[in-house]
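Summary of the model geometry
One-letter residues, chain by chain:
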Amino acid sequence: MPRQKTTPSEQVKEGETRRFALKREAILDAAARLFNQKGVRGATLSAVAQAVDLIPNSVTYYYRKKEDLAAACFLRATETLDGLVAAAEKESDPPHALAALFQGYADLLARIARGETAELVLFNDIRALPQPHGDTVFAAYTNLFRHVRALVDAPGLSRPEANGRAHLVLSMLHNVRTLKDRYEPDDYGVAAARVVDILVNGLAAPGQTWPDSRLAPEPVHPSADASAEAFLRAATELINEQGYRGASVERISALLNVTKGSFYHHNDNKDDLVAQCFARTFEVVRSRQNEARALEGSGWMRLCAAAEALTRRQLGPEGPLLRQTAMSALPETMREEVVATMARLSGRFAMFIVDGMVDGSIRPVDSSIAAQCVNSTINAAAALARWAPGANAANAADLLIRPLLLGLYPRGQAERRPRRAATKARG
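These notes cover the structure that comes with them. (Residues numbered from 1 in each chain as written. Predicted model: local features only at pLDDT ≥ 70, side-chain atom pairs only at ≥ 80, totals over all residues. Heavy atoms only, no water.)

1. Points about the overall build of the protein
Let me state the cut-off plainly: Helix numbering and strand numbering both begin at the N terminus, where a helix is a DSSP run of H or I of at least 4 residues and a strand a DSSP run of E of at least 2. Per-residue accessibility, obtained with a 1.4 Å probe over protein chains only, is compared with the maximum for each type, and a residue is labelled buried under 20%, exposed over 50%, and partly exposed between these values. Contacts: residue pairs with any heavy atoms within 4.5 Å of one another. Method for areas: the Shrake-Rupley scheme with a 1.4 Å probe, in which residue coverage is limited to the protein chains shown.
When helices and strands are tallied, the protein shows 19 helices and zero strands. Per-residue burial over the protein gives 50% buried out of 427 residues. By sequence separation, contacts in the protein at least 24 residues apart represent 77% of the contacts at least 6 residues apart. Summed over its atoms, the accessible surface of the protein is roughly 20300 Å², and 51% of this surface lies on carbon and sulfur atoms.

2. A few points about unusual backbone geometry
Excluding glycine, residues mostly have negative phi values, and the peptide bonds linking residues are mostly trans. Residue Pro132 is bonded to the preceding Gln131 through a cis peptide linkage, with omega at 5 degrees. Mapped onto the secondary structure, Pro132 falls in the loop between helix H5 (94–113) and helix H6 (133–152). Phi at Asp53 takes a positive value of approximately 60 degrees, unusual for a residue other than glycine. With respect to the helices and strands, Asp53 occurs in the loop between helix H2 (45–51) and helix H3 (56–62). The phi angle at Asn257 is positive, at roughly 60 degrees, despite the residue not being glycine. Position of Asn257 relative to the elements: it lies in the loop between helix H11 (249–256) and helix H12 (260–266).

3. Considerations on the environment of Cys277
Following the sequence through the fold, Cys277 ends up in helix H13 (residues 270–293). Given the relative accessible area of 0%, Cys277 is considered buried. Here the alpha-carbon distance between Cys277 and Leu321, two residues 44 residues apart in the chain, equals 8.3 Å. Contacts of Cys277, omitting those with residues within four sequence positions, involve Leu232, Ala235, Thr236 and Leu322.

4. Brief notes about helix H18 (residues 396–406)
The element H18 is largely enclosed, with a buried count of eight among its eleven residues. Turning to H18, its buried residues are Ala396, Ala397, Leu399, Leu400, Ile401, Pro403, Leu404 and Leu405. Check the buried side of H18 and you find it contacts helix H7 (159–175), helix H9 (188–201), helix H14 (299–314), helix H16 (367–380) and helix H17 (384–387). Once H18 finishes, Gly407 follows within two positions and takes phi at roughly 100 degrees, a positive value.

5. Description of the environment of His167
Note that His167 resides in helix H7. The exposure class assigned to His167 is buried, which follows from its relative accessible area of 6%. Separated by 22 residues in sequence, His167 and Phe145 have C-alpha atoms that sit 7.5 Å apart. Sequence-distant contacts of His167, that is, excluding residues within four places in its chain, are made with Phe145, Ala380, Ala383, Leu384, Trp387 and Leu400.

6. Section: the side chain of Ser346
Mapped onto the fold, Ser346 is located in helix H15 (residues 332–359). Apart from residues no more than four positions distant in its own chain, Ser346 is found in contact with Ala371, Gln372 and Asn375.

7. Looking at the packing of aromatic side chains
The criterion, for reference: Pairing of aromatic rings covers Phe, Tyr and Trp, the last through its six-membered ring, and needs centres within 6.5 Å; plane angles under 30 degrees mean stacked, over 60 mean edge-to-face, and all others mean tilted.
The full count for this structure, using the stated rule, is 13 aromatic pairs. An angle of 85 degrees between the planes, with centres 5.6 Å apart, marks the rings of Phe231 and Phe263 as edge-to-face. You can see Phe231 sitting in helix H10 (residues 226–246) and its partner Phe263 sitting in helix H12, a full 32 residues away along the chain. Given the relative accessible area of 0%, Phe263 is considered buried. Taken together, a centroid distance of 6.4 Å and an interplanar angle of 40 degrees make the contact between Phe349 and Phe352 tilted.

8. Considerations on the nonpolar core
Put simply, the test is: Think of a nonpolar core as a cluster: buried Ala, Val, Leu, Ile, Met, Phe, Trp, Tyr and Cys residues, connected wherever their side-chain atoms sit within 4.5 Å.
Core analysis: the biggest nonpolar cluster contains 132 residues, and Leu69, Phe102, Leu203, Leu404 and Leu405 have the highest contact counts within it. Here this core takes eleven residues from helix H4 (residues 66–88), the largest share from any one element.

9. What to know about the pattern of salt bridges
Quick reminder of the rule: Here a salt bridge means any side-chain nitrogen of Lys or Arg lying within 4 Å of a carboxyl oxygen belonging to Asp or Glu.
Tallied over the entire structure, the rule returns 18 salt bridges. One salt bridge in this structure joins Glu241 and Arg386, with 2.7 Å as the shortest N-O distance. Remark: Arg386 occurs in helix H17 and Glu241 occurs in helix H10; sequence separation between them is 145 residues. Connected through salt bridges with shared partners, the residues Asp29, Arg33, Glu119 and Arg177 form a single ionic network.

10. Remarks on H11
Heads up, the condition is: In this context, the arc is that of the directions from the helix axis out to the C-beta atoms.
Taken as a whole, H11 has its buried residues at Val249, Ile252 and Ser253. The arc enclosing the buried residues of H11, seen along the axis, measures out at 95 degrees, which places them on a common side. Backbone geometry just after H11 places Asn257 at a positive phi near 60 degrees.

11. A word on the packing of H7 against H16
Any two packed helices are characterised by the angle at which their axes cross and by the distance between the axes. Put simply, the rule reads: Note on definitions: angles span 0 to 180 degrees between N-to-C directions of axes, and those axes are lines fitted to C-alpha atoms, for helices only across the stretch in contact. An angle counts as roughly parallel when it lies under 35 degrees, as roughly antiparallel when it exceeds 145, as roughly perpendicular when it falls between 65 and 115, and as oblique in every other case. For a crossing to be left-handed, the near helix must be turned anticlockwise from the far one by less than a right angle; the clockwise case is right-handed. Just so you know the grouping, Ala, Val, Leu, Ile, Met, Phe, Trp, Tyr, Cys and Pro go in nonpolar, Asp, Glu, Lys and Arg go in charged, and all remaining residues, Gly too, go in polar.
Where H7 meets H16, the closest approach of the two axes is 10 Å, and the angle between their N-to-C directions is 120 degrees. Between H7 and H16, the angle is such that the two are oblique. As H7 packs across H16, the resulting crossing turns out to be right-handed. Residues His167, Leu168, Ser171, Met172 and Asn175 of H7 form the contact with H16, whose own contacting residues are Gln372, Cys373, Ser376, Thr377 and Ala380. Residues belonging to the contact of H7 with H16 are distributed by class as follows: four nonpolar, six polar and no charged.

These figures capture arrangement, not role.
Listed below in structure tokens is the structure:
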């Protein structure tokens, strides 16, 4: 049957539709870059419009409000990751599925770095979205989480254990975004493969088990100013939840049920309080690392002791540590030193790992990548209870850090599964 000719009016409509789609993609690309730099609350529609050579009113033709645009960016990023998970489901066992997922993501990040495809928004500010956008985006992200859980689940795991592993894998996938700061695009795939090797096989050398030695719980010292400590905990929780810009003086005060006047009685300004929150986090990490280093034993034992103690701290009564996501929208005057200090503390884990490789308790791995994996997993523990109900300070290490350090499927013990299993899980 001969193909029907399109009329001139249909051709115009098709051309307009194509131009509309291209301009919308350009807006999403520009918005994702701005949201990643300034956070959702720090970016503006006018800045997005300027980035794509439009007037602000033209952007509102596509997205009426900034929140509409942010939600569209998050949904596009979630859909992209979900597509990578769907492709990975075709593999015959979890280790190969993980390898396919991380390799696919590394390839995508390399194309983004080369300017061959549009930027994806980071998920740092996903909980800063107002309703109803927040519910819509979080529902999509929760579906992504379920698909990742089906990808990595194994016989014999409880639901909290499966949820903990899914949270670990997703957190590690998000952490792969930091490759762009440390590697050339041509090397993203190699670095991602090393992350997968650690996820699958862990860090322990053959014959090593989880050590009995552990650091004592942190002593609780009564603060000279209990109110100051309360402000630090409240600000840390809000920054982790809402980002730097979302943790306003009003919200911090409301969380503590005090007035803004009370806030300024105890704090000079918000930035000073945020700086104190980072200083507190850094001091806790540094202190626990020092305590672990002072223990007698192997590098493996000292690494496990430090990582377990810090993971427990995230769900303990003293409150969580600031997450790495808190750095993304910091003012430049504060961000440079914070990023540098975070990198130094992460690098200290590499010293434990190298010590373990020297004494034979840790298998040969890329110590820099392994240290980043350990640091990122401790960081992810702050949100563990949200994804694994029932998680607490007592079981946090079992749900999150032990699977990383011992490996999800060590020494090829992964259970092979039918290809249909993951597809069924999506249904």
